[in-house]
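Summary of the model geometry
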Amino acid sequence: MVLDSIVAEYKRYRGLAERAVAQVADEDLNLPVGEDDNSIAVVMNHISGNLASRFTDFLTEDGEKPWRDRDTEFAEGPFSREDVLNRWERGWGILFETLATLSDEDFPKEVKIRGIGLTVHDALHRSLAHVAYHVGQIVTVARVHVGKDWKSLSIPRGGTVAYNQNPTLEKPA
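Let us look at the structure shown here. (Residues numbered from 1 in each chain as written. Predicted model: local features only at pLDDT ≥ 70, side-chain atom pairs only at ≥ 80, totals over all residues. Heavy atoms only, no water.)

To continue, consider the pairing of strand S1 (residues 110–113). Alternating residues of S1 divide into Val-111 and Ile-113, all buried, and Glu-110 and Lys-112, none buried. Pairing geometry for S1 and strand S2 (residues 116–119), over four bridges, is antiparallel. Directly across from Val-111, in S2, lies its bridge partner Leu-118. Counted between consecutive antiparallel strands, the loop separating S1 from S2 contains two residues, among which Arg-114 sits at a positive phi close to 55°. (Buried < 20%, exposed > 50% of the residue type's maximum accessible area, 1.4 Å probe, protein only. Helix = DSSP H or I, 4+ residues; strand = E, 2+ residues; numbered from the N terminus. Pairing = 2+ DSSP bridges.)

Here it is in structure tokens:
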């Protein structure tokens, strides 16, 4: 039951990122908004690499895999939309395949990340918070790039009363 809620939140954040990215022009996916900032493509590559590493053999191997090269996840492209979305799909696919094998009874089990033991419950919440943090970055950078043509992903300004009469965003579709 708790696991279902965690899966739903992962899906909600994935959907937010994908709806934001769909509004961004291809040429802006690789464009950071500031000198030391990451582009949307870089953040998506990082999320993908993190999910693939953490959730491959989740219960039996350390979540920081020796094959992961985290530093290259932050290398600027350019990356094509297709390449970014293929990596994105791979990371999320690994996450959801692994989550489908778990149950709430697995929550007290221990997994390791960089040699540090965490309960499955704690590792899932840590990962979900990490994804949410970076999805927020994606949405913010996307809004900057899209500008006045941005289509709200949540309740548009001035739309709270109407939304509250039909709250459709409280759970993932």
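For Asn-50, the position within the fold is in helix H2 (residues 40–55). According to the relative accessible area criterion, Asn-50 is buried, its value standing at 6%.

Okay, the packing of aromatic side chains next. Evaluation of the coordinates by the stated rule reveals four aromatic pairs. An aromatic cluster of at least three residues, connected via ring pairs, comprises Tyr-10, Trp-88, Trp-92 and Phe-96. Looking at Arg-12, its charged tip hangs above the ring of Tyr-13, at a distance of 5.1 Å from the centre. (Phe/Tyr/Trp six-rings, centres within 6.5 Å; stacked < 30°, edge-to-face > 60°. Lys NZ or Arg CZ within 6 Å of the ring centre and 35° of its normal.)

An α-helical turn contains 3.6 residues, so any two residues separated by three or four positions project in the same direction. Along its 27 residues, helix H5 (residues 120–146) runs 38 Å from first to last C-alpha, staying within 8% of the 39 Å computed at 1.5 Å per residue. Directly beyond the C-terminal end of H5, a positive phi value near 65° is found at Gly-147. (Expected span 1.5 Å × (residues − 1).)

Two numbers describe how helix H1 (residues 2–22) lies on H5: the axes approach to 9 Å, and their chain directions differ by 15°. Overall, the two elements H1 and H5 adopt an arrangement that is roughly parallel. Considering only the axes of H1 and H5, their crossing is left-handed. Facing Val-2, Leu-3, Ile-6, Glu-9, Tyr-10, Tyr-13, Leu-16, Ala-17, Ala-20 and Val-21 of H1, the residues of H5 in contact are His-121, Leu-124, His-125, Ser-127, Leu-128, Val-131, Ala-132, Val-135, Ile-138, Val-139 and Ala-142. For the contact of H1 with H5, the per-class residue count stands at 17 nonpolar, three polar and one charged. (Axes fitted to C-alpha atoms, helices over the stretch in contact; angles between N-to-C directions. Parallel < 35°, antiparallel > 145°, perpendicular 65-115°, else oblique. Left-handed = near helix turned anticlockwise from the far one by under 90°. Contact = heavy atoms within 4.5 Å. Nonpolar A, V, L, I, M, F, W, Y, C, P; charged D, E, K, R; others polar.)

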